[in-house]
Amino acid sequence: APSYAWRYQEDKDDFDGKEWKYCQVEASNSIKGVVWRETPKLLVRMRGKELNVIVKAEGVVFGNLGDSDKVRLKFDDEEPFSVGYNDSANGDGGTIFLKRTSKIVEKLKKSKKLVIEFPVYMENSQRATFNIEGYSEVCKI
């Protein structure tokens, strides 16, 4: 069987009984953060019927003063497109929740490579590359 970069996990909330499903992949490169370089992670999470696509990079502050809170995504050789994002509710500047989750997950199922271009505080825009091959085989989301 082929080996894919995705890691999948299921859990059940012992408080309300809702099922959690997580599928995560790490970028093949790092981006410059506030102090050091960080390797971003892409996480697809489903809790009950709520679907989230999350990008996390500890030590990085996404966004810029006056920026429009958008990232650009490029799947395989397709044209890049922009999606908005929301910041983390706990104020963690290195975690963003991408919008248009259904479209992103559909593209994850069909693609092998994803490049995300981020606005990073006090830096030029930076790009992280993810090997997303095998999403459909590994992730049950």
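Scroll up for the structure.
Residues numbered from 1 in each chain as written. Predicted model: local features only at pLDDT ≥ 70, side-chain atom pairs only at ≥ 80, totals over all residues. Heavy atoms only, no water.

K.L.:
Just checking my understanding: could you explain the pattern of salt bridges for this structure?
P.N.:
Any two side chains of opposite charge can pair, given that their charged atoms come close. For the structure shown, the criterion picks out nine salt bridges. With its nearest N and O atoms 3.1 Å apart, the salt bridge here joins Asp13 to Arg47. You can see Asp13 sitting in the loop between β1 (7–12) and β2 (19–26) and its partner Arg47 sitting in strand β5 (residues 41–47), a full 34 residues away along the chain. Among the ionic pairs, Glu58 bridges to Lys56, the shortest N-O distance being 3.7 Å. Salt bridges linked by common partners bring Asp13, Asp16 and Arg47 together as one network. (Salt bridge = Lys/Arg side-chain N within 4 Å of Asp/Glu carboxyl O. Helix = DSSP H or I, 4+ residues; strand = E, 2+ residues; numbered from the N terminus.)

K.L.:
Quick question: what am I supposed to make of the nonpolar core here?
P.N.:
If you look at soluble globular proteins, the nonpolar side chains tend to sit buried side by side. In terms of nonpolar packing, the biggest core is built from 34 residues, with Trp6, Leu42, Leu73, Leu98, Leu108 and Phe118 touching the most fellow members. Setting aside chain neighbours within four positions, we find Phe118 in contact with Ile31, Pro40, Val55, Phe62, Val71, Ile96, Ser125, Gln126 and Ala128. (Core = buried A, V, L, I, M, F, W, Y, C linked by side-chain atoms within 4.5 Å. Buried < 20%, exposed > 50% of the residue type's maximum accessible area, 1.4 Å probe, protein only. Contact = heavy atoms within 4.5 Å.)

K.L.:
I keep staring at the state of the cysteines and nothing clicks. Help me out?
P.N.:
The term disulfide refers to a covalent linkage connecting the sulfur atoms of a pair of cysteines. Across all of its chains, the model carries one disulfide by this definition. Put simply, Cys23 and Cys139 are joined by a disulfide, and their sulfur atoms are 1.8 Å apart. One quick way to see it: the torsion about the S-S bond of Cys23 and Cys139 is about -60°, and its sign makes the bridge left-handed. Placement of the pair is Cys23 in strand β2 and Cys139 in the segment after α2 (135–138), with a sequence separation of 116 residues. The same class applies to Cys23 and to Cys139, which are both buried. (Disulfide = S-S within 2.5 Å.)

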